[in-house]
Amino acid sequence: MQSPTISNTSTISQATALPKTTTRQTGAFALIDSLRRHGVEHIFGYPGGAILPIYDELYKWEARDEIQHILVRHEQGASHAADGYARATGKVGVCFATSGPGATNLVTGIATAHMDSIPLVVVTGQVTRAAIGSDAFQETDIYGITLPVVKHSYVVRDPRDMARIVAEAFDLAITGRPGPVLIDIPKDVGLEEFDYTPVEPSTVKLRGYRPTMKGNPRQINQALNLMRLAKRPLLYVGGGTIASSAHVELQKLAEIFQIPVTTTLMGKGSFDESHPLSVGMLGMHGTAYANFAVSECDLLIAVGTRFDDRVTGKLDQFACHAQVIHIDIDPAEVGKNREPQVPIVGDVRLVLNSLLRRHQELGISTEPEQTKEWLLRIKRWRLEYPLQVPQYPDSISPQEVIVELRRQAPNAYYTTDVGQHQMWSAQFLQNGPRQWITSGGLGTMGYGLPAAMGVKVALPNEQVICVAGDASIQMNIQELGTLAQYGINVKTVIINNGWQGMVRQWQQAFFGERYSSSNMEVGMPDFVKLAEAYDIKGMLVSSRDELKDAIAQILAYDSPVLADIRVTKDENCYPMVAPGKSNAQMLGLPERKQPEPTVESINCSNCGAQNLPSNNFCPECGAKL
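Residues numbered from 1 in each chain as written. Predicted model: local features only at pLDDT ≥ 70, side-chain atom pairs only at ≥ 80, totals over all residues. Heavy atoms only, no water.

Draft legend 1. View of the pairing of strand β3 (residues 68–71). Relative to β3, strand β2 (residues 42–45) runs parallel, the two being bridged by 4 bridges. Residue pairing across strands places His-42 opposite Gln-68, the latter belonging to β3. Running through helix α2 (residues 52–63), the crossover from β2 to the neighbouring parallel element β3 is right-handed. (Pairing = 2+ DSSP bridges. Helix = DSSP H or I, 4+ residues; strand = E, 2+ residues; numbered from the N terminus. Right-handed = clockwise from strand over helix to strand, strands pointing away.)

Draft legend 2. Looking closely at unusual backbone geometry. Of note, the amide linkage connecting Tyr-574 to Pro-575 takes the cis form, showing an omega dihedral of 0 degrees. Its place among the elements puts Pro-575 in the loop between β20 (561–566) and β21 (576–577). Phi is positive for Glu-513, close to 60 degrees, though the residue is something other than glycine. Of note in this structure, Asp-535 is not a glycine but carries a positive phi near 65 degrees. Topologically, Asp-535 is positioned in the loop between α21 (527–533) and β19 (537–541). Classification of Asp-535 as partly exposed rests on a relative accessible area of 42%. (Buried < 20%, exposed > 50% of the residue type's maximum accessible area, 1.4 Å probe, protein only.)

Draft legend 3. Molecular detail of the sheet that holds strand β6 (residues 152–155). What the 6 strands build is an open sheet, ordered β3-β2-β4-β5-β7-β6; its pairing is parallel. Whereas interior strands pair on both sides, the edge strands pair on one side only; in this sheet they are β3 and β6. In this sheet, neighbouring strand axes are inclined to one another by 20 degrees on average, regardless of whether the strands run parallel or antiparallel. Across 5 bridges, the pairing between strand β4 (residues 93–97) and strand β5 (residues 120–126) is parallel. Following the sheet pairing, Cys-95 is matched in β5 by Val-122. Against the sheet, helix α7 (residues 162–174) engages β4, β5, β6 and β7 (180–186), with an angle of about 160 degrees to β7. (Axes fitted to C-alpha atoms, helices over the stretch in contact; angles between N-to-C directions. Contact = heavy atoms within 4.5 Å.)

Draft legend 4. Spatial organisation of the environment of Ala-163. Structurally, the position occupied by Ala-163 is in helix α7. With 10 residues separating them along the chain, Ala-163 and Ser-153 place their C-alpha atoms 15 Å apart. The contact partners of Ala-163, leaving out residues within four places of it in the chain, are Ser-34, Tyr-196, Thr-197, Pro-198 and Val-199.

Draft legend 5. Up close: the packing of helix α11 (residues 247–257) against helix α14 (residues 348–362). Orientation of α11 relative to α14, taken along the N-to-C sense of each, is 35 degrees, at an axis distance of 9 Å. Judged by the twist between their axes, the crossing of α11 over α14 is left-handed. Contacts from Glu-249, Leu-250, Lys-252, Leu-253, Ile-256 and Phe-257 in α11 reach Arg-349, Leu-352, Asn-353, Leu-355, Leu-356 and His-359 in α14. Among the residues forming the contact of α11 with α14, the class breakdown is 7 nonpolar, 2 polar and 3 charged. (Left-handed = near helix turned anticlockwise from the far one by under 90°. Nonpolar A, V, L, I, M, F, W, Y, C, P; charged D, E, K, R; others polar.)

Draft legend 6. Spatial organisation of the packing of aromatic side chains. The final tally for this structure, using the stated rule, is 13 aromatic pairs. Centre to centre, the rings of Phe-44 and Tyr-85 are 6.0 Å apart; their planes meet at 70 degrees, and the pair counts as edge-to-face. One end of the pair, Phe-44, is in strand β2; the other, Tyr-85, is in helix α3 (residues 75–89), and 41 residues separate them in sequence. The exposure classification of Phe-44 matches that of Tyr-85, with both residues buried. Judged by centre distance (5.2 Å) and plane angle (80 degrees), the ring pair of Tyr-236 and Phe-307 falls under edge-to-face. Of this pair, Tyr-236 sits in strand β9 (residues 233–237) while Phe-307 sits in the loop between β12 (299–303) and α13 (309–312), placing them 71 residues apart in sequence. Grouping residues by exposure puts Tyr-236 and Phe-307 together as buried. Three or more aromatic residues link up through ring pairs in this structure, and these residues are Phe-29, Trp-61, Phe-194 and Tyr-196. In this arrangement the basic side chain of Arg-64 is found over the ring face of Trp-61, its NZ or CZ atom lying 4.9 Å from the centre. Over the ring of Tyr-557 we find Lys-537, and its NZ or CZ is 5.3 Å from the ring centre. (Phe/Tyr/Trp six-rings, centres within 6.5 Å; stacked < 30°, edge-to-face > 60°. Lys NZ or Arg CZ within 6 Å of the ring centre and 35° of its normal.)

Draft legend 7. The arrangement of the sheet that holds strand β18 (residues 490–496) in detail. One open sheet holds the 6 strands; their spatial order is β16-β15-β17-β18-β20-β19, and the pairing between them is parallel. Single-partner strands in this sheet number two, and they are β16 (436–437) and β19. Sheet topology note: the β19/β20 ladder contains 5 bridges and is parallel. Each bridged residue has a counterpart across the sheet, and for Leu-540 the counterpart in β20 is Asp-564. Contacts from helix α22 (residues 544–556) reach β17 (464–469), β18, β19 and β20 within the one sheet, and its direction differs from that of β19 by about 165 degrees.

Draft legend 8. Summary view of the nonpolar core. Counting residues in hydrophobic clusters, the biggest one holds 51 residues, and the most contacted among them are Phe-44 and Leu-483. A per-element tally of this core places helix α18 (residues 448–458) first, with 7 residues. Those residues in contact with Leu-483 that lie beyond four places of it in its chain are Leu-449, Met-453, Ile-488, Val-490, Ile-536 and Pro-560. Counting 39 residues, the second-largest nonpolar core is a separate cluster that includes Val-40, Val-121, Ala-167 and Ala-173. (Core = buried A, V, L, I, M, F, W, Y, C linked by side-chain atoms within 4.5 Å.)

Set out below in structure tokens:
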């Protein structure tokens, strides 16, 4: 195995050699110089004809150890790696690709970042200015193709605009609601010389672009009034909380008002899931107690989230008894799916700070007894409907693998692909801020491995684990070559059940057990041999007796590892809210514990199931009690 060559970011020289006055330079120089001025230390990419002038300039900067390029094996890997880099650090991720197929191979990664509001600057080569529109070799209108999935796009037609465009792109990508920005650069623009004057970060002003950062004081007061009166409040927290680094303020607010907290898939890590006020993830595969809580609450405080369908289930029954406070930096999201009683547009951290400060100024003490009964009810649901970790005599359950990873690597950065393993990971892992990295909005298979590369490049001293499925890992498995070339010490754990697991589960539940094109066993590679072909350590784990020691070996090994863990083939991911059903109607709930003898129970008039008198909805059928 080649020794690691990933540069520690602290060793990359600062911009001491960068010009501060007008000099004669090329468009390619202006691009790389501007990227360095904006703090870029790593670029993920793949060269090609139209972008060669930029790579030729990049070669010189790399030779001086002023920047590092990571050569991926497929352009989609570059966009996902830049995405993982951005999610783990909060910085802008940067990726390069050439024109035509190189640029179009980035589109899935750009759309993934767009759906999850991840800041990227995507640089593509383009045919020469004179050839644009002539169907030249490897010409595509990447500007037009990506318009629906970027925050903004540029085509650089004059190298004198390069520094300004880069400065604008970084400002746009990271401010307001973050997102990807595309810069398309014709080949001759990269070659052309001109009198170059650098543009420093944060010195550009975009006309008409002024994101609202501070919440309206009147709405802050209205929100506080509702919070003080609520008997059954619930904080519903999404990825915007992580984007604004608001986890400290969120915990303070929850503790002061004694409000339970549920997170979306994108919001995982924004609140400590071992905290007594945490009820875990809600939604299609959320915890039963989180879904019951959102069905029963009288005040829903939505923080940096967008009421997407995988969370809400049947929208008109989502928190249908609750008043809503919605805090988000994007005014287009507030009221889009659910009309709030109190809309607050602003940066989540600043708004939460305003709520805390205003509460202190008013000097009105909170009454912890106000939510005591509500918290006891949630505690009872937690005891009655815990997440299950099954154990089978002849096979490992997927949940056992995730729980063992959590036990041995509680502080690792976790990336995932998409499917059942993603949902089990979301249910059982307990992550810190920015330590949970997954494709939530687009649901991109093949995301986990290249995203993990990006995380490890950004944070070389942190433990990084990719949890993948046997189907999804094959979508970008060529990035094992990138791990091998640069010695990127990512641990990849394949939850191998021989299926496209979530597809199989849906076919079983909703399509009459007709398993069309979802079995992956025929044609499955020997993952251990495949890893070894890339000069990476491969491991096979197939029994429970091996599991604990195998994971310890995986984590202790000082190089990349690909572990193929064979699990129960037909395990389903529960709880599950079926399409078109309310969150209170979940499939696969564990058998309900009988109420204590001292607690009077009532029977549901619809299905006859026993319920606690505190329940408003029957968890078995979702009927109103």
